[in-house]
Amino acid sequence: MQPRLDVSAGALGVVDVATPLAVGLEYRGRAVGRWGLVPGGGLVAGDDQSRYAYANLNRDIPLGRAWTATISFGAGYFHDGSEIQLGHPLIFQSGIELGRWIEGGWRVGLAFDHLSNAGLSEHNPGTEVLVLRVSMPLGGPWTQPSTGALASVTDAEPAAASWRSSSRRISSPASAR
């Protein structure tokens, strides 16, 4: 998959008493490695002046042609706000998102994340974040999961993409080495 830009809006502390509103922006790069991990980084800002700047790894799991589950793990710097105070500046994040592909390679999803300092300080309340996330492709042909694998789709040049795919299959045994 190509890089993506995610915009999110929701609430911090959804399981707690305090629920400041939050907005976020995240960049997700190309999938790398055997497991298709997608490196990313972003910023979440709460209206209580809390801030979270982070780097993470994401893994998309196709659920049929239109749906995707995404798991993520990351870490970053957290600046306590007036309502959300996590006890340490180093915060770890784990989360899950359920998303639906829509026209043009865009995706809309609901994400639930847990933030915690993992016991780095005595005060470790942790908090949960619930956001609506809109993800847009950045440049080039977009990819969308199909059943079992990722299929590349291009509105601009479907015939050319098809020709490039078939030309790789029509090769001599000598060129395959």
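Residues numbered from 1 in each chain as written. Predicted model: local features only at pLDDT ≥ 70, side-chain atom pairs only at ≥ 80, totals over all residues. Heavy atoms only, no water.

*Asks:* I'd love a proper account of the packing of aromatic side chains, names of residues and values included.
*Replies:* Under the definition given, this model contains two aromatic pairs. Note on Tyr-52 and Tyr-54: the rings are 5.2 Å apart at their centroids and 20° apart in plane angle, and the pair reads as stacked. Each member of the pair, Tyr-52 together with Tyr-54, is buried. Summarising the aromatic geometry, the rings of Tyr-52 and Phe-78 are spaced 6.2 Å apart at their centres and angled 50° between planes, so their arrangement reads as tilted. With Tyr-52 in strand 4 (residues 51–63) and Phe-78 in strand 5 (residues 67–79), the pair connects residues that are 26 residues apart, well separated along the chain. The same class applies to Tyr-52 as to Phe-78, namely buried. Taken together, the ring pairs in this structure connect Tyr-52, Tyr-54 and Phe-78 into an aromatic cluster. Looking at Arg-107, its charged tip hangs above the ring of Trp-101, at a distance of 5.2 Å from the centre. (Phe/Tyr/Trp six-rings, centres within 6.5 Å; stacked < 30°, edge-to-face > 60°. Buried < 20%, exposed > 50% of the residue type's maximum accessible area, 1.4 Å probe, protein only. Helix = DSSP H or I, 4+ residues; strand = E, 2+ residues; numbered from the N terminus. Lys NZ or Arg CZ within 6 Å of the ring centre and 35° of its normal.)

*Asks:* Lay out the nonpolar core with the relevant residues and their values.
*Replies:* Counting 14 residues, the largest nonpolar core has Tyr-52, Phe-78 and Leu-115 as its most contacted members. At the level of secondary structure, the elements contributing two or more residues to this core comprise strand 4, strand 7 (107–116) and strand 8 (127–137). Excluding residues that lie within four positions of it along the chain, Leu-115 makes contacts with Tyr-52, Phe-78, Leu-86, Ile-91, Phe-92, Gln-93, Gly-126, Thr-127 and Val-129. (Core = buried A, V, L, I, M, F, W, Y, C linked by side-chain atoms within 4.5 Å. Contact = heavy atoms within 4.5 Å.)

*Asks:* Break down the sheet that holds strand 7 for me, with residues and values.
*Replies:* Reading around the circumference, 1-2-3-4-5-6-7-8 is the order of the eight strands in this closed barrel, with antiparallel pairing throughout. Strand after strand, the sheet turns through a mean of 25° between neighbouring axes, direction not considered. Sheet topology note: the strand 1 (residues 4–12)/strand 2 (residues 21–28) ladder contains eight bridges and is antiparallel. Bridged to Ser-8 within strand 2 is Gly-24. (Pairing = 2+ DSSP bridges. Axes fitted to C-alpha atoms, helices over the stretch in contact; angles between N-to-C directions.)

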